[in-house]
Amino acid sequence: MKKIKNSFEQFSIASHLIKWTLLVIPVSLFVGSMVALFLWLLDKVTNIRYQNGWLLFLLPLAGVFIYFLYKLIGKNSEAGNNLIMDEIHEPGGGIPTRMAPLVLITTIITHLFGGSAGREGTAVQIGGSLANLLGKWFKLDNGDIKIILMTGIAAGFGAVFGTPLTGAIFALEVLAIGRIKYDALMPCLMASVFADIVCSAWGIHHTHYHIELTQTIISSISFIHIDFILLFKVIIAGVAFGLTGYLFSETTHTIKNYSNKWIKIKWLIPFIGGAIIIALTYSLGTRDYLGLGVTNPTANGVSIVSCFHIGGANSFSWLWKLLFTAITLGMGFKGGEVTPLFFIGAALGNTIAILTGAPVDLMAGLGFIAVFAGATNTPIACTLMGVELFGGEYILYYAVACFTAYYFSGHSGIYNSQRLAVSKTVVSDFDEEITLKTVRDRRIKKMKEWIKK
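Residues numbered from 1 in each chain as written. Predicted model: local features only at pLDDT ≥ 70, side-chain atom pairs only at ≥ 80, totals over all residues. Heavy atoms only, no water.

**Some remarks on the pattern of salt bridges**
Close approach of charged atoms lets side chains of opposite charge pair. One pass over the full model with this rule turns up 7 salt bridges. Note that glutamate 90 and arginine 419 form a salt bridge whose closest N and O atoms lie 3.9 Å from each other. Of the two residues, glutamate 90 sits in the loop between α4 (81–89) and α5 (99–112) while arginine 419 sits in strand β2 (residues 419–420), which places them 329 residues apart along the sequence. Accessibility expressed as a relative area gives 56% for glutamate 90, which makes it exposed. (Salt bridge = Lys/Arg side-chain N within 4 Å of Asp/Glu carboxyl O. Helix = DSSP H or I, 4+ residues; strand = E, 2+ residues; numbered from the N terminus. Buried < 20%, exposed > 50% of the residue type's maximum accessible area, 1.4 Å probe, protein only.)

Right, here's the structure in full:
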């Protein structure tokens, strides 16, 4: 029997998959259930905030509470998604189990009082923290710890958005720019699918988006099924989406760095951040840019859903959401970046559609996924997200928008610990496997030297 097993590699492959199926099931049960609890709580506190507008005035105090909570019991949980990425690249430091409940509680607090944040970061941290705990229980070696952490990312992402295929590819693609390693391919897919099933089994429902073009995409040449004029508009939009992803990343990092540099009393950072959010809200005369922004209780309010319709966003809605979120996350509040990126992209797509005469729903959908692709450097995952959320009929346009945005976002991103495996340019002075933080520090240093000259 042993001789037969050694003669056919399929036996060892089957053994490997059975092993990871058994490991992934508890990961999926834990993560899917925790994400379901998180989404349920998020929906509850969002409705409470809608009904009690005065809660916004407590946002500065909520920020101070979050600061002291992490300072007292957070350990190294403050690093969030970046800690998980570092642990995958170089196992050994460990991820504290307290990260999962801490980020869940603090994200709920952020949303209850009106902070502009998302949910992906929270789900990924829940997934990574719980997966690391299970890895310790199962006494896995460093190689297997890497894989189980990736399954935690996949499970969290797939469950929180209801996009299991995207969750699997995102976990593989997000670690390093330009490289996907397939050693965790099947475990990540299984984890993402199972976690989504578990989350749904708890009665959690995800928002549905639709692209229903009012015009038919046709070509004057019978054997070409592409509207080249529309394709050109999508390419131009892709450039804008990529630059917006870059702007969001750089703005968030800059606010975080300078607030820590200039404000010496650290608990004042979230307090001032909360006060700025309140001031901006009343200066603009709208609460459209608070919270998740998926829907809006106000009939004419701007939200992700409204951006898929003509008149669903103002010309600068995308910029205001970008600023609100960069301040919220850059000054110490908790939550993810991805749902705000969806809002920013959909609103920008709505504006571009009006300016270019392109279909509003299609362009909003492209912005939804492409700004995310640019900010996270995950064009393949985001293209698949378009298919899972909007259907596969316009997959070519999804790919063009996401790939273009990926290139034009440059060597930047929302995750500082993301590694650079393959440069986006043919000629590059970047070393392989350096982090985006190092890339950004070098870019800033060169810019300062250029200004001095």
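Next comes the rest of the write-up.
**Some details on helix α13 (residues 338–356)**
In a regular helix each residue adds 1.5 Å, so 19 residues correspond to 27 Å; α13 covers 26 Å between its end C-alpha atoms and thus fits that length. Of all 19 residues making up α13, 16 are buried, and the element is well covered by its neighbours. Among the residues trailing α13, glycine 357 stands out with phi positive, at a value near 80°. (Expected span 1.5 Å × (residues − 1).)

**Topic: the layout of surface pockets**
As a volume, the largest pocket reaches approximately 820 Å³. In this structure, the largest pocket is lined by 33 residues; those nearest its centre are Glu78, Lys256, Leu329, Gly332 and Lys334. Of all the elements in the fold, those that place two or more residues in the lining of the largest pocket are α3 (59–73), α4, α6 (120–137), α10 (228–262), α11 (268–284), α12 (317–330) and α17 (436–452). Of the residues contributing to the lining of the largest pocket, the split by class is 11 nonpolar, 13 polar and 9 charged. Roughly 520 Å³ of volume is contained in the second largest pocket. Forming the walls of the second largest pocket are 23 residues, and the residues nearest its centre are Asp43, Arg119, His205, Thr207 and Leu292. Counting only elements with at least two residues in the lining of the second largest pocket, the list comes to α2 (9–51) and α7 (142–161). Top element by residues in the lining of the second largest pocket is α2. It accounts for 7 residues. Per-class residue counts for the lining of the second largest pocket are 13 nonpolar, 8 polar and 2 charged. (1 Å grid on protein atoms, 1.4 Å probe; cavity = no way out; pocket = protein on both sides within 12 Å on 5 of 7 lines; lining within 4 Å. Points joined across faces, edges and corners; volume = space filled by probe spheres on them. Nonpolar A, V, L, I, M, F, W, Y, C, P; charged D, E, K, R; others polar.)

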